[in-house]
Amino acid sequence: MSRLFTTLFALALCCALATGTALAAPENFPDGAKMFYVSPDGNDDAPGTRAAPLSLAGLQAQIKKADAKSGNVAVRFLDGIYYLAEPFVLSSRNSGWSFRALSSATLSGGRPLALKWTPFRDGIFQAAVPADVKLFDQLFVNGRLQVLARFPDFAPDAQFLNGTSAEATSPKRAARWKSPAGGFVHALHRSHWGDMHYRITGKTDDNTLLLEGGWQNNRPEYGPHKDHRFVEGIFEELDAPGEWFFNADTHTLYFYPPAGLDLGKATIVVPQLENLVHFAGTQENPVSNAAFSNFTFKHTLRTFMKKKEPLQRSDWCVYRGGAVLFENTGQCGVYDSTFTDLGGNAIFVNNRNTGVRIEGCYIHDIGANAIAFVGSPESARSPLFHYSKNQPFETMDKTPGPKGDNFPKDSIVRDCLITRIGRVEKQTTGVNIDLSQRITVSHCTIAEVPRAGLNIGSGTWGGHRIEDNDIFDTVRETGDHGSFNSWGRDRFWYPDRNVTTNRLVAKEPSLPFWDAVEPITINHNRWRCDRGWDIDLDDGSTNYRITNNLCLNGGIKLREGYGRIVENNITVNNGFHPHAWYEKSGDIVRQNIFFRPHAPSGSMRVPVWGKTVDSNLLHVPGAEGVRPAAALQKLSKQDAHSLTADAGFINAAAGDYRVADNSPALALGFVNFPMDSFGVTSGHLKKLAPVVKLPGANGADTATPLARRDGTVVVWQGAQVKNVVGLTDISAAGLPEEIGVIVVGDAGKSALLKRYGVQNDDVILKWGDVPVPDLAALRRAAEKIPAPAELQIWRQQHPLTLRLN
């Protein structure tokens, strides 16, 4: 019966993967399956019946002593909080085990403390902590997370990092601190691409902080942001209600309780574990058909200082850990569970895993990623690990596809609600996919996140399906990306895209698809990003099918890549953003409804945009009749059949952007798609889910603000130049902020600029020693110093000094 059950469950999972239907966690086991009951008040040596349940330690003993003959085992948890002294570690001997909370069971990585509080000073109390309590970095009082002593003080409504200050790391501030070692500096990346964290190891005699860290972002050469930073874990900064500090040398906890809190009756919990459940198979002996269902997972340590491993040439680094960690599994899963109050990742699917299923989960208020699928870089051919790295084509491994199978594949995330993640780490996302194949994310609602709601880090190896999701209120603390964000800096990708990549692909057209071997489908989702694009395909993103998406504010951006199809989408309040395309990219953009004309970046220099840009409708509210889309044609030099007209939406104010039967969009080939089936499907998750802000009729009330700087192209010194204006220019150039003057064309015709070696797409930042924030400043500087000894420019996402020849 055990073998039959396993076979049937595996077949059911395969069918679900193929059809996208829901597969519930295994509940009823065949006759003869073992059953254990567990209780917080159970006994180590109990038989495990409901009347005489096991203790947590007793269950751990049963897990460890299981053998290959154990067969299917059902473990049922009675109500209560289970404080784990160690994680549950499942081996192949625990294949077929099912763990389920009967009603309300919490698995906690914390330890409750019974403390004797005494007054310290100024409203602060102190208590001795038992010597066997490990160093902790979060404190929960009556179930609420408190604030580790910090400067500036915690500001819940601040846009960045709950409050930042350039003064945080200044010698003047550090002079107040007697011994800051053990504290932390947290900062955004200089370009807002993520975050950077440092441990304070001491300070010099002049109060300069000594730091280690900054490795959490794979573009560390830019450094931390000079203003958006704060410090925490400094005793002298313990000065506000709700703040705390732990002196590891004396094992003393200091806490400034909020008004009205009775410390004598308060419940105190401190995290002690990073991981709660570890599916720990091996490649030879994987864990199969094991699942956890209906639990609450809480109280793990923060892991931001362990986030060091770069993910190929994406901007990300990763820590391969989480509250639940999958390694070498087959058909295992987590169902109908809540993850909250975690210091790091909630769920991490690491390396070789097949058929993982994560369904019906509510993940909120955690430190890092909600869910991550990440394979081994050893499975990639000719991998590189930093943006600036490249290798000669002659020495490149030219075999398409992965090497081996040490990566996640054929797995599903379905019907999950993900909100308020990345409370500690900002380069995080609702679902992160990298070095994986055929991962499906469907019917999820993802909102209130610091960066992208969903991220794909590379083309290796495609086949993913992103469908029926509702993803909005994203990019709240970072910049230069969207609700969906991807890269594809695979084998074909070179930073000097207009030289090397175009030349190599002309000789070997299949090169871009050696890693992106299967198309990635983004179908029937609703997106909204107010600080970036709704869908952002960044450097090299290749082999995408983008169809039937409702984009509510940020539009669709495609940076350089190959083989993308953008078809039958609606970009409310925005349009299509092509950036820096390759020659002969093979891209197709057709039968979409755009609210604005195309918005190409200045680096969009190819003579022909892809394969086809045509049959699109430019929606003009209230327009009478139908006319050719001249505004689109002027920009794309295509769009021969595209039209300008009122699209005739059925009820745009209510978010229903289907078009009426007489809409001219239908004649162009546009097909209506459902507007009422985005996001989670479970009733209880729908009640908990935040609601997207709708643009209103025709999007007029939430239009993206017009640029505050003049972006007119003018001729200066014989070259075409313009101010850096808005997110399009910032992103195309990879700049940290809206600053400088772009040389958009004819650099070689300028006798002056030619003497410095200035190229098209360079951004002039300094004329000699004079900063150049805009074109007016450049003109003034050049009048005073016609030919300075050097210029500072920005080229291919890096600063560069050019000297006068």
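Residues numbered from 1 in each chain as written. Predicted model: local features only at pLDDT ≥ 70, side-chain atom pairs only at ≥ 80, totals over all residues. Heavy atoms only, no water.

**Let's talk about the overall build of the protein**
Definition in use: Each helix corresponds to a stretch of at least 4 residues labelled H or I by DSSP, and each strand to a stretch of at least 2 residues labelled E; elements are numbered beginning at the N terminus. Values of the radius of gyration come from C-alpha atoms, whereas the globule rule sets the reference at 2.2 Å times the count of residues to the power 0.38. Accessible area is worked out with a 1.4 Å probe on protein chains only. A residue is then buried under 20% of its type maximum, exposed over 50%, and partly exposed in between. Contacts are residue-level and defined by heavy atoms, with any inter-residue pair within 4.5 Å sufficient. Positive residues here are Lys and Arg, negative ones are Asp and Glu, while His and the chain termini are left out of the count. To locate a charge, the coordinates of NZ of Lys, CZ of Arg, CG of Asp or CD of Glu are taken.
Tallying secondary structure elements over the protein gives 10 helices and 64 strands in all. Its C-alpha atoms give the protein a radius of gyration of 28 Å, within 12% of the compact-globule value 28 Å for 805 residues. Looking at the protein as a whole, 61% of its 805 residues are labelled buried. Sequence separation of 24 or more characterises 69% of the internal contacts of the protein that already satisfy a separation of 6 or more. In the protein, 84 positive and 84 negative side-chain charges are present, and the distance between their average locations comes to 2 Å.

**Looking at the nonpolar core**
What counts, and what does not: Take the buried residues of types Ala, Val, Leu, Ile, Met, Phe, Trp, Tyr and Cys, join any two whose side-chain atoms come within 4.5 Å, and each joined set is a nonpolar core.
The biggest cluster of nonpolar side chains holds 83 residues, and the ones touching the most others in it are F77 and F339. Considering every element that reaches this core, the biggest residue donor is strand β5 (residues 97-108), with 5 residues. With near-sequence residues (within four places) excluded, F339 lies in contact with F297, A323, V324, V334, A346, I347, C361, Y362, I363, H364 and I366. In this structure, F472, V572, L617 and L643 belong to the second largest nonpolar core, which totals 23 residues.

**Topic: the environment of N353**
As a reminder of what qualifies: Polar contact criterion, stated in full: a pair of N or O atoms within 3.5 Å, where within protein one must be able to donate a hydrogen and the other to accept it, and residues adjacent in sequence count only if both atoms are side-chain atoms.
Its location among the elements puts N353 in strand β28 (residues 347-354). A relative accessible area of 0% places N353 in the buried class. Separated by 258 residues in sequence, N353 and S95 have C-alpha atoms that sit 14 Å apart. Contacts of N353, omitting those with residues within four sequence positions, involve F326, E327, N328, T329, F407, P408, K409 and S411. A distance of 3.4 Å separates a polar side-chain atom of N353 from the backbone nitrogen of N328.

**Looking at the sheet that holds strand β9 (residues 140-141)**
Rules: DSSP-based pairing: two strands are paired if at least 2 bridges between them are found.
Taken together, 4 strands build an open sheet; the order of strands is β6-β19-β9-β10 and the sheet is antiparallel. Of all strands in the sheet, those with a lone pairing partner are β6 (110-113) and β10 (144-145), marking the two edges. Bridge count for β6 against strand β19 (residues 268-271) is 4 bridges, and the pairing is antiparallel. Its bridge partner being in β19, P112 is matched across the sheet by V269.

**Let's talk about the pattern of salt bridges**
Keep this limit in mind: Put simply, a salt bridge is a Lys or Arg side-chain nitrogen that is within 4 Å of an Asp or Glu carboxyl oxygen.
Counted by the stated rule, this structure contains 44 salt bridges. As a salt-bridge pair, D530 and R528 come within 2.9 Å of each other at their nearest N and O atoms. The exposure class of R528 is buried, given its relative accessible area of 5%. We note a salt bridge from R795 to D762, for which the minimum N-O separation is 2.7 Å. Here R795, found in strand β63 (residues 790-795), pairs with D762, found in the loop between α9 (751-756) and β61 (763-767); they are 33 residues apart in sequence, far enough to count as distant. Residue D762 is classed as buried on the basis of its relative accessible area of 1%.

**Re the state of the cysteines**
Any covalent bond linking the sulfur atoms of two cysteines counts as a disulfide. How we decide: When two cysteine sulfur atoms lie within 2.5 Å, the pair is treated as a disulfide.
Summed over all chains, the structure comprises 0 disulfides. Here C551 stays free of any disulfide, with the sulfur of C529 as its closest cysteine sulfur at 11 Å. For C551, a relative accessible area of 0% gives the class buried.

**Remarks on the sheet that holds strand β14 (residues 195-203)**
Pairing is antiparallel in the open sheet, where 5 strands are placed in the order β12-β16-β13-β14-β15. What marks the edges here is a single partner per strand, and that holds for β12 (150-151) and β15 (209-213). Of the strand pairs in this sheet, β12 and strand β16 (residues 224-232) are connected by 2 bridges, and their pairing is antiparallel. Opposite F151, over in β16, you have V231 as the bridge partner.

**Regarding the pairing of strand β31 (residues 371-374)**
Two faces, one strand: in a regular strand the side chains alternate between the faces of the sheet. Judged by which residues are buried, β31 turns out to be covered on both faces: I371 and F373 on one side and A372 and V374 on the other are all buried. Note that β28 and β31 share 4 bridges and pair parallel. Looking at β31, one finds that N350 is bridged to V374. Direction of pairing for β31 relative to strand β34 (residues 431-434): parallel, over a ladder of 4 bridges. The residue bridging V374 from the neighbouring strand is D434, located in β34.

**Let's talk about the packing of aromatic side chains**
Spelled out, the test is: When the centres of two rings from Phe, Tyr and Trp lie within 6.5 Å, Trp using its six-membered ring, the rings pair. Their planes under 30 degrees apart give stacked, over 60 give edge-to-face, and anything left gives tilted. A positively charged side chain is recorded as over a ring if its NZ (Lys) or CZ (Arg) lies within 6 Å of the ring centre. The angle to the ring normal must also be within 35 degrees.
Per the counting criterion, the structure on display carries 38 aromatic pairs. Summarising the aromatic geometry, the rings of F88 and F99 are spaced 6.2 Å apart at their centres and angled 35° between planes, so their arrangement reads as tilted. Linking F88 in strand β4 (residues 88-90) with F99 in strand β5, this pair joins segments that are 11 residues apart in sequence. Look at F88 and you get buried, because its relative accessible area is 0%. Its relative accessible area of 0% is what places F99 among the buried residues. Taken together, a centroid distance of 5.6 Å and an interplanar angle of 20° make the contact between F136 and W244 stacked. In this pair, F136 is assigned in the loop between β8 (124-128) and β9 and W244 in strand β17 (residues 243-247), connecting sequence segments 108 residues apart. The exposure class assigned to F136 is buried, which follows from its relative accessible area of 5%. Under the relative-accessibility criterion, W244 is labelled buried at 1%. Taken together, the ring pairs in this structure connect F77, Y82, F88, W97, F99, F279, F292, F295, F297, F326 and F339 into an aromatic cluster. The ring of Y387 carries R219 above its face, with NZ or CZ at 3.9 Å from the centroid. Note that R489 overlies the ring of W493, its terminal NZ or CZ placed 5.6 Å from the centroid.

**Looking at the environment of E274**
When you line up the elements, E274 lands in the loop between β19 and β20 (277-280). By relative accessible area, E274 is classed as partly exposed at 24%. On a C-alpha basis, the gap between E274 and E86 in space is 9.7 Å, while along the polypeptide they are 188 residues apart. Reaching out from E274, the side chain makes a polar contact with the side chain of K306 at a distance of 2.4 Å. Within the structure, the side chain of E274 is placed 2.5 Å from the side chain of Y319, a separation counted as a polar contact.

**Observations regarding helix α2 (residues 56-65)**
Looking at α2, one finds that the buried residues are L56, G58, L59, Q60, Q62 and I63. Of the surrounding elements, those touching the buried residues of α2 are β1 (34-43), β2 (73-77), β3 (80-83), β4 and β5.

**Structural notes on the side chain of S382**
Structurally, the position occupied by S382 is in the loop between β31 and β32 (408-414). Within the local environment of S382, its side chain forms a polar contact with the backbone nitrogen of D397, the two atoms lying 2.8 Å apart. Not counting chain neighbours up to four residues away, the residues in contact with S382 comprise Q391, M396, D397 and R491.

**Considerations on the confidence of the model for the protein**
The predicted coordinates ought not to be read in detail in places where the model reports low pLDDT. The condition is simple: Per-residue confidence from the predictor is reported as pLDDT, which spans 0 to 100.
Chain-level statistics for the protein give a pLDDT mean of 93 and a share of 94% at 70 or above. With pLDDT under 50 throughout, residues 1-30 is counted as low confidence; its partners more than four residues away or in other chains account for 52 contacts. Here residues 701-706 is a poorly scored stretch, pLDDT under 50, and it has 13 contacts once near neighbours within four places are set aside; other chains count.

**A few points about the side chain of R526**
Positionally, R526 belongs in strand β42 (residues 526-527). Residue class for R526 comes out buried when judged on its relative accessible area of 14%. Those residues in contact with R526, other than ones at most four positions away along the chain, are N469, D470, I471, L550, L552, F678, V692 and L694.

**Observations regarding the environment of D195**
Summarising the element assignment, D195 is placed in strand β14. Using a relative accessible area of 0% as the deciding quantity, one classes D195 as buried. Taking the C-alpha atoms as reference points, D195 and N217, separated by 22 residues in sequence, lie 6.7 Å from one another. Leaving out residues up to four positions away in the same chain, D195 has contacts with A187, L188, H189, Q216, N217, V424, E425, K426 and Q427. Engagement of the side chain of D195 in a polar contact is seen with the side chain of H197, the distance being 2.6 Å.

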